[in-house]
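# Notes for the structure review
Next come the chains, spelled out residue by residue.
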Amino acid sequence: MKDTDWVFGVYRGQERLRDENGIKAHPTQKPLKLIQQVLLSASNKGDLVFDPFMGSGTTAVAAKKLGEKNIGIDTNEKYVKISERRIKELDEKANLFKTGKAERKNLQMELQVI
Ligand SMILES: C[S@@+](CC[C@H](N)C(=O)[O-])C[C@H]1O[C@@H](n2cnc3c(N)ncnc32)[C@H](O)[C@@H]1O
């Protein structure tokens, strides 16, 4: 493994969005932690993150958790609805899930170590 490699825990599937029949809601949903690290290395709190290929909205969720603004686009209405739902759920649980100052600092330190 190289010093520049990013290491993430095994994608155990709990995060994986599925429909009522257990089918993956989006074929290429990314791990939230991966996108979070990308945003931490490329943006600052308060920045506007634009994702023109939003898919299931992982980037929007990561941005919101980091206190960043987000605009997302997807041609598939089903995926837009999934993203909207994820963002709404995050709003509803804002106090539970919002990445606090301390957590952001920890994530940045993790990124530096990696
Ligand atoms: C690789 S996926 C994004 C996955 C996303 N990062 C996630 O975690 O769910 C790419 C998305 O781009 C959308 N897409 C394809 N062509 C598009 C276009 N011309 N404009 C906007 N979205 C498009 C597809 O519907 C698909 O959901």
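Residues numbered from 1 in each chain as written. Predicted model: local features only at pLDDT ≥ 70, side-chain atom pairs only at ≥ 80, totals over all residues.

Identification of the chain as Modification methylase from Candidatus Berkelbacteria bacterium Licking1014_7 is taken from an unreviewed UniProt entry.

### Some remarks on the overall build of the chain
Each helix and strand in the chain was counted, giving 5 helices and 2 strands. A burial count over the chain gives 20% of its 114 residues as buried. Here the analysis covers contacts within the chain between residues at least 6 apart in sequence; of these, 50% occur between residues at least 24 apart. (Helix = DSSP H or I, 4+ residues; strand = E, 2+ residues; numbered from the N terminus. Buried ≥ 20, exposed ≤ 12 C-beta atoms within 10 Å, placed from the backbone. Contact = placed C-beta atoms within 7 Å.)

### Quick look at the site of the ligand
Residues in close proximity to the ligand total 15 residues, the closest being Lys30, Phe53, Gly55, Ser56 and Thr58. By residue class, the composition of the shell around the ligand is 4 nonpolar, 9 polar and 2 charged. (Near = placed C-beta within 6 Å. Nonpolar A, V, L, I, M, F, W, Y, C, P; charged D, E, K, R; others polar.)

### Some words on helix 1 (residues 32-42)
Looking only at helix 1, the buried set comprises Ile35, Gln36 and Leu40. On an axial view of helix 1, the arc spanned by its buried residues comes to 140 degrees, and they lie on one face. In helix 1, those exposed residues whose orientation departs by more than 90 degrees from the buried face are Ser41 and Ala42. (Arc of directions from axis to C-beta.)

### What about the packing of helix 1 against helix 2 (residues 58-65)?
Angle between the axes and distance between the axes: these two values describe a pair of packed helices. Relative orientation of the contacting elements helix 1 and helix 2 amounts to 60 degrees, with a least axis distance of 9 Å. The angle between helix 1 and helix 2 falls in the class oblique. Of the two possible hands of crossing, helix 1 and helix 2 adopt the one that is right-handed. Here Leu32, Ile35, Gln36 and Leu39 of helix 1 lie close against helix 2, whose contacting residues are Thr58, Thr59, Val61, Ala62, Ala63 and Lys65. A class-by-class count of the residues in the contact of helix 1 with helix 2 yields 6 nonpolar, 3 polar and 1 charged. (Axes fitted to C-alpha atoms, helices over the stretch in contact; angles between N-to-C directions. Parallel < 35°, antiparallel > 145°, perpendicular 65-115°, else oblique. Left-handed = near helix turned anticlockwise from the far one by under 90°.)

### Notes on the nonpolar core
Within the largest apolar cluster, 9 residues are counted, these being Ile35, Leu40, Val49, Met54, Ala60, Val61, Ala62, Ala63 and Leu66. Looking at this core, the elements with two or more residues in it are helix 1 and helix 2. For this core, the element with the most residues is helix 2, which contributes 4 residues. (Core = buried A, V, L, I, M, F, W, Y, C linked by C-beta atoms within 7 Å.)

### With respect to the packing of helix 2 against helix 3 (residues 77-92)
As a packed pair, helix 2 and helix 3 sit with axes 9 Å apart at the nearest point and diverge in direction by 20 degrees. One way to sum up the angle between helix 2 and helix 3 is to call them roughly parallel. Crossing handedness for the pair helix 2 and helix 3: right-handed. Across from Ala60, Val61 and Lys64 in helix 2, the residues of helix 3 making contact are Ser83, Arg86, Ile87 and Leu90. In terms of residue class, the contact of helix 2 with helix 3 is made up of 4 nonpolar, 1 polar and 2 charged.

### Considerations on the environment of lysine 65
Its place among the elements puts lysine 65 in helix 2. Sequence-wise, lysine 65 and lysine 45 are 20 residues apart; in three dimensions their C-alpha atoms are separated by 9.8 Å.

### Observations concerning the environment of glutamate 84
Residue placement: glutamate 84 occurs in helix 3. On the basis of neighbour counts, which here come to 13 C-beta atoms within 10 Å, the residue glutamate 84 falls in the partly exposed class.

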